[in-house]
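# A look at the structure
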Amino acid sequence: MEIDKAIRESDDKRLKTKYNNAIYVIQRALALYSTEEVAFSFNGGKDSTVLLHLLRAGYFLHKGGDSCLNGGLINFPIRTIYFESSSAFPEINSFTYDTASSYGLQLDIISTDFKSGLENLLKANPIRAIFLGVRIGDPTAVGQEQFSPSSPGWPPFMRVNPILDWSYRDVWSFLLTCKVQYCSLYDQGYTSIGSIHDTVPNALLSICDSSRKEKFKPAYLLSDGRSERAGRAKKFSSSITGQFSVANSADGEDSHENSMLVASAITVGDEILFGMVEDQLGPSLCKKLHSIGWTVSQTAVVRNDVDSVAEEVEKRIATNDMVFMYGGVGPLHSDVTLAGVAKAFGVRLAPDEEFEEYLRHLIGEHCTGDRNEMALLPEGITELLHHEKLPVPMIKCRNVIILAATNIAELDNEWECLIELSRSCGLLSIMEPFVSKCLTTNLSDVEIAQPLSKLCLEFPDLNIGVYRKSRNGCLVIVIEGKKQARIGSATEALCKKFSPGAFSETNPVRDSAHL
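Within every chain, residues take consecutive numbers counted from 1 along the sequence as written. Reporting in this predicted model follows two pLDDT cut-offs: at least 70 for local features of residues, and 80 or more for side-chain atom pairs to be given and counted; totals over whole chains, interfaces and linings ignore these cut-offs and use all residues. Computation of side-chain values: all heavy atoms of the structure, hydrogens and water removed.

## Digging into the overall build of the protein chain
Selection rule: Numbering of helices and strands starts at the N terminus; helices are DSSP runs of H or I of at least 4 residues and strands are runs of E of at least 2. Buried means the residue's accessible area, taken with a 1.4 Å probe over protein chains only, is under 20% of the maximum for its type, while exposed means over 50%, and partly exposed covers the values in between. Contacts are assigned to residue pairs with any non-hydrogen atoms lying within 4.5 Å of each other. Under the convention used here, a 1.4 Å probe and the Shrake-Rupley method define accessible areas, while residue burial counts only the protein chains that appear.
For the protein chain, the count of helices and strands is 14 helices and 23 strands. Evaluated residue by residue, the protein chain yields a buried proportion of 49% over its 515 residues. In the protein chain, of all internal contacts separated by at least 6 residues, the share reaching a separation of at least 24 is 72%. Summing over all exposed atoms, the protein chain offers an accessible surface of approximately 26,000 Å²; the carbon and sulfur share of this is 51%.

## Topic: the sheet that holds strand S8 (residues 158-160)
Inclusion rule: When DSSP locates at least two bridges between a pair of strands, those strands are taken to pair. Comment: axis = line fitted to C-alpha atoms, over the contacting stretch for helices; angle = value between 0 and 180 degrees taken between N-to-C directions.
Across the sheet, six strands lie side by side as S5-S4-S1-S6-S8-S7; this open sheet has mixed pairing. The open sheet terminates on both sides in strands that have one partner only, identified here as strand S5 (106-110) and strand S7 (147-149). Each strand axis lies, on average, 30 degrees off the axis of its neighbour in the sheet, ignoring direction. Bridge count for strand S6 (residues 129-131) against S8 is three bridges, and the pairing is parallel. Bridge pairing links Ala129 to Met158 in S8.

## Section: the pattern of salt bridges
Rule in force here: Salt bridge, as used here, is a side-chain nitrogen of Lys or Arg placed within 4 Å of a carboxyl oxygen of Asp or Glu.
Enumeration according to the criterion identifies 24 salt bridges in this entry. Across the pair Asp412 and Lys288 runs a salt bridge whose closest N-O atoms are separated by 2.7 Å. Pair noted here: Asp412 is in helix H12 (residues 408-425) and Lys288 is in helix H8 (residues 281-291), with a separation of 124 residues, a long-range link. Residues Lys483 and Glu432 are paired through a salt bridge, measuring 3.4 Å at the closest nitrogen-oxygen approach. Of this pair, Lys483 sits in the loop between strand S21 (475-481) and helix H14 (484-496) while Glu432 sits in the loop between H12 and strand S19 (435-441), and the two are 51 residues apart along the sequence. A residue is classified by how much of its surface remains accessible, and Lys483, at 30% relative accessible area, is partly exposed. Taken together, the shared-partner salt bridges connect Arg14, Lys18, Asp165 and Asp170 into one network.

## A few points about a nonpolar patch on the surface
For clarity, the cut-off: Patch membership needs two things, relative accessible area over 30% and no salt bridge, and members are linked within 9 Å if like-charged or within 5 Å if nonpolar (Val, Leu, Ile, Met, Phe, Trp, Tyr).
On the surface, Leu273, Phe274, Met276, Val277 and Val301 cluster together into a nonpolar patch covering about 490 Å² of accessible area. Within the secondary structure layout, Val301 lies in strand S12 (residues 294-302). For Val301, a relative accessible area of 32% gives the class partly exposed.

## Observations concerning H14
Let me state the cut-off plainly: How far a helix is expected to stretch is found by multiplying one less than its residue total by 1.5 Å.
With 13 residues, H14 extends 18 Å from end C-alpha to end C-alpha; this agrees with the ideal 18 Å at 1.5 Å per step. Every buried residue of H14 is accounted for by Ile487, Ala490, Thr491, Ala493, Leu494 and Cys495. Packing partners of the buried residues in H14 comprise S19, helix H13 (445-458), S21 and strand S22 (503-506).

## As for the sheet that holds strand S17 (residues 394-397)
In any sheet, the strands associate via hydrogen bonds between backbone groups, in a parallel or an antiparallel arrangement. Strands sit in the order S12-S11-S13-S18-S17-S16 across an open sheet of six strands; the sheet is mixed. The open sheet has two edge strands with one neighbour each: S12 and strand S16 (382-385). Between one strand and the next, the sheet's axes are offset by a mean angle of 20 degrees, whatever the strand orientation. Two strands pair when backbone bridges link them, and strand S11 (residues 261-268) and strand S13 (residues 322-326) are joined in this way by five bridges, in the parallel orientation. Note that in S13 the partner of Ile266 across the bridge is Met325.

## A few points about the side chain of Glu414
Selection rule: Only four residue types enter the charge count: Lys and Arg as positive, Asp and Glu as negative, with His and the chain ends excluded. Definition of a polar contact: a pair of N or O atoms within 3.5 Å, with one able to donate and the other able to accept a hydrogen when the atoms are protein atoms, and with sequence-neighbouring residues admitted only if both atoms are side-chain atoms.
Inspection of the secondary structure assignment puts Glu414 in helix H12. Buried charge Glu414 goes without a salt bridge, the closest partner of opposite sign being Lys288 at 10 Å. Looking at Glu414, its side chain comes within polar contact range of the main-chain nitrogen of Ala405, at 2.9 Å. Apart from residues no more than four positions distant in its own chain, Glu414 is found in contact with Leu390, Met394, Leu403, Ala404 and Ala405.

## Quick notes on the layout of surface pockets
Test applied: Each cavity reported here is a set of points on a 1 Å grid over the protein atoms alone in which a 1.4 Å probe fits but cannot get out, each pocket an open set with protein on both sides within 12 Å along at least five of seven lines, and each lining residue one with an atom within 4 Å of a point. Grid points are joined across faces, edges and corners, and a volume is the space filled by probe spheres set on the points. All amino acids are sorted into three groups, where Ala, Val, Leu, Ile, Met, Phe, Trp, Tyr, Cys and Pro are nonpolar, Asp, Glu, Lys and Arg are charged, and the leftover types, Gly among them, are polar.
In this structure, the second largest pocket spans a volume of roughly 1,300 Å³. Taken together, 39 residues form the lining of the second largest pocket, with Ser41, Asn43, Phe114, Thr140 and Ile193 sitting closest to its centre. For the lining of the second largest pocket, the secondary structure elements donating two or more residues are helix H3 (46-62), strand S4 (79-83) and helix H5 (114-124). By residue class, the composition of the lining of the second largest pocket is 17 nonpolar, 14 polar and eight charged.

Okay, structure coming up:
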């Protein structure tokens, strides 16, 4: 059988693994259900074209190889469903009918909507399972497994997804390795095909030439599979980044002058909770956020447990503009940060081919190729933050940024990259920085308590904190805000409540001066 032979002769180990796994799913389904009880949903797209040929190979192997050949061709008795639509590209329709003719498909053409068509089809036929070309990352893939019952409210059948874990690159590796025909639109720059109303060629494949006529490279030359759906129309909704657009606009400078952006930091690590390791990154991260005018609402340390991480993230993303996480990232069983983030957002981990490529360059053959756990990222919500100073991109999941730093030097490098990215593309708002004044006094807690409480009421826009460096040491009062004049006014108001010389200003640059 030509498909099986082409894969066996290929040097692509990853493709062979993906192929074998898909064939296993197909053979398992064919063992569970009779031929009359299964169907195949074909739409003429690249994914369903891959699935067609996998089914041909799977059926060939299920029937024992050469015994199912008929004059050199494989009998393909699996019922094939095609939902014909007036908004489909003519090229899709033509390819579908040509393919059906070439491979002897039993084509059931349905012109109604998908749900109604399925209901009628299942009433008239004993179909119990349908093969689908769904891949992780598709809008309909969330929550599905290789065998998933149909959703509530739909007619009952088993969804069989043999290529669920295939990437964009895997799809094209298969089609090109097996040298099978695919819809001609993919050679015209289309990378994901919907209807004629919501699909255009992918701009990332655009070619500029002297004729000024827009041309496009074929779909298989798209370098980043994450951009597969860039040619599909999207319904935009507000997101966390929308909050930052005003702050990064020169015209909006005054409008956000007194606004406050709030962040929190989550550390994942049993070793910190057990007292074995001291968290040095948290305080440093707080200082860095403070330096760009952000308020840190909370820092938290959670266990290496998916549910604990998910619970903390879920609480923080709703009340903070940005959540920073570190710890628990890697290949070990205790590295559960990404899984916790995925659970908090109600998505699952999915293979990311672009991130895996970075890891492959970084750790070489230590990547298994077929299932690199470190390359599983929260599906549909992940953005990779690229910078030339980083060996691998940082990971951003909506308003969560996951840092890979394990020490201060690495954190400094990642932070520098974040700031540069923020200045170029508005990743983080660089707000008006906080300024502060630090005072020391020998006054007792009792003497200063009430005047400080009144000061807080008089200056609600300022942060006024008090602490001691040691039990018998001086009281340290920190007055902090965005306006130097306000801090000066608060300092003056406090000093008037006591006799002259009660406070000394401490300054790391200048000598202390009595007030």
